[in-house]
Amino acid sequence: MNALPSVKLIDGKATAARVLAEVREQVHTLRQGGVQPGLAVVLVGADAASQVYVRNKVLRAEEVGIRSLEHRLPADTSQAHLLTLIDRLNRDNAVNGILVQLPLPAHIDAHRVLQAISPLKDVDGFHSENVGGLAQGRDVLTPCTPSGCMRLLRDACGELRGKHAVVVGRSNIVGKPMAALLLQADCTVTVVHSRSHDLPALCRQADILVAAVGKPRLIGADWLKPGAVVIDVGINRIDEDGRSRLVGDVDFAAALPQVAGITPVPGGVGPMTIAYLMKNTLLALDLQQQAAQQERTACLSPC
């Protein structure tokens, strides 16, 4: 990959604003046609960080014209009660997307809850049907953070075909779906993790490096190929110089002089996650309309 002529800061806030403007325009068109997209957000308990995330998601939805439906449940809500709510939302035609904010209280089986969401309304892209569809390259709902990272990469790099992408981290939420999306873009993909041998050497091969391990400043400048494009998904709170601050998985200051492009923390990947939640809500609506049309066509076809 040819290095860009100068260091390029990949501005997630600006790109997210463009994505939200695109969504707002699409929602306006839908509403003119009598269709009102709806997103249901479910929060169980009073986790402070989760409350902030939910508030931001609801605000973004309102800004782009998506109807938001908040369901705030106490921490002692039973799993059965939560599953009953999800079943009701699945059957509600006014709800196009369902998001259950994680983490859930310890007495609730998060996997079972996520599997209960209709795959066509699973705007987080966590249902096994969507995970499998992504692996197969089908048009399904995919996790918001990796989808947002792909938009940043396409804007920063243009053509991705043939580039060597290294994904640091193998989580179900970021690492694995990120690798699948990069493969779909015809990248050569290496996934590295805590059991990989000689992590720095593997990372130095990367034209594109996506860091998603949750280890503050794990990746130094000597791990990076000159001219690489770096997407830093990590959001780590540390105490430094007597104050609390957020840093990524990459040592930003050390990496900056030698990379072609890099996302800051904060202000990089974070805003893209919420922007792509809004895009996923519209994609979910489209998939639901397609499914309904197929069902009507099947009913009209002779047996």
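Residues numbered from 1 in each chain as written. Predicted model: local features only at pLDDT ≥ 70, side-chain atom pairs only at ≥ 80, totals over all residues. Heavy atoms only, no water.

## Some remarks on the overall build of the chain
So, step 1. Helix and strand counts for the chain stand at ten helices and eleven strands.
So, step 2. Reported as C-alpha extents along the three principal axes, the dimensions of the chain are approximately 60 × 50 × 35 Å.
So, step 3. Looking at the 303 residues of the chain, the share that counts as buried comes to 49%.
So, step 4. Within the chain, contacts between residues at least 6 apart in sequence are counted, and of these 69% link residues at least 24 apart.
So, step 5. A distance of 1 Å separates the average location of the 31 positive side-chain charges in the chain from that of its 29 negative side-chain charges. (Helix = DSSP H or I, 4+ residues; strand = E, 2+ residues; numbered from the N terminus. Buried < 20%, exposed > 50% of the residue type's maximum accessible area, 1.4 Å probe, protein only. Contact = heavy atoms within 4.5 Å. Lys, Arg positive; Asp, Glu negative; His and termini not counted. Charge placed at Lys NZ, Arg CZ, Asp CG, Glu CD.)

## Details of the UniProt feature "binding site: NADP(+)" (unreviewed entry) in the chain
So, step 1. Residues annotated by UniProt as "binding site: NADP(+)" (unreviewed entry) correspond here to G169, R170, S171 and I235.
So, step 2. By the secondary structure assignment, G169 is in the loop between β5 (164–168) and α7 (175–184).
So, step 3. Given the relative accessible area of 6%, G169 is considered buried.
So, step 4. Excluding residues within four positions of it along the chain, G169 makes contact with G175, V191, V192, A212 and V213.
So, step 5. Positionally, R170 belongs in the loop between β5 and α7.
So, step 6. Leaving out residues up to four positions away in the same chain, R170 has contacts with G175, K176, V191, H193, S194 and R195. (UniProt positions renumbered as here; feature names shortened; annotations may be inferred.)

## What to know about the sheet that holds strand β3 (residues 67–73)
So, step 1. With parallel pairing, three strands are arranged side by side in an open sheet as β3-β2-β4. Strands at the two margins of the open sheet, each flanked by one partner only, are β3 and β4 (97–100). Adjacent strand axes in the sheet meet at a mean angle of 15 degrees, parallel and antiparallel pairs treated alike.
So, step 2. In this structure, strand β2 (residues 38–44) lies alongside β3, joined through seven bridges in parallel fashion. Considered in β3, the bridge of L43 is made with R72. (Pairing = 2+ DSSP bridges. Axes fitted to C-alpha atoms, helices over the stretch in contact; angles between N-to-C directions.)

## Observations regarding the sheet that holds strand β6 (residues 188–192)
So, step 1. Pairing is parallel across the open sheet formed by six strands, whose spatial order is β1-β11-β8-β7-β5-β6. Since the sheet does not close on itself, it has two edges, and those belong to β1 (8–9) and β6, each with one partner.
So, step 2. Here strand β8 (residues 229–232) runs beside strand β11 (residues 261–262); their pairing, made up of two bridges, is parallel. If you follow V229 over to β11, its bridge partner there is G261.
So, step 3. Packing of helix α6 (residues 144–157) onto the sheet brings it into contact with β1, β7 (208–211) and β8, and relative to β8 it is tilted by some 160 degrees.

## Concerning the side chain of N236
So, step 1. Summarising the element assignment, N236 is placed in strand β9 (residues 236–240).
So, step 2. Owing to a relative accessible area of 8%, N236 belongs among the buried residues under this scheme.
So, step 3. For N236, the side chain forms a polar contact with the main-chain oxygen of G248, separated by 3.3 Å.
So, step 4. Those residues in contact with N236 that sit more than four places away from it in its chain are G214, K215, P216, R245, L246, V247, G248 and D249. (Polar contact = N/O pair within 3.5 Å; in protein donor to acceptor, adjacent residues only side chain to side chain.)

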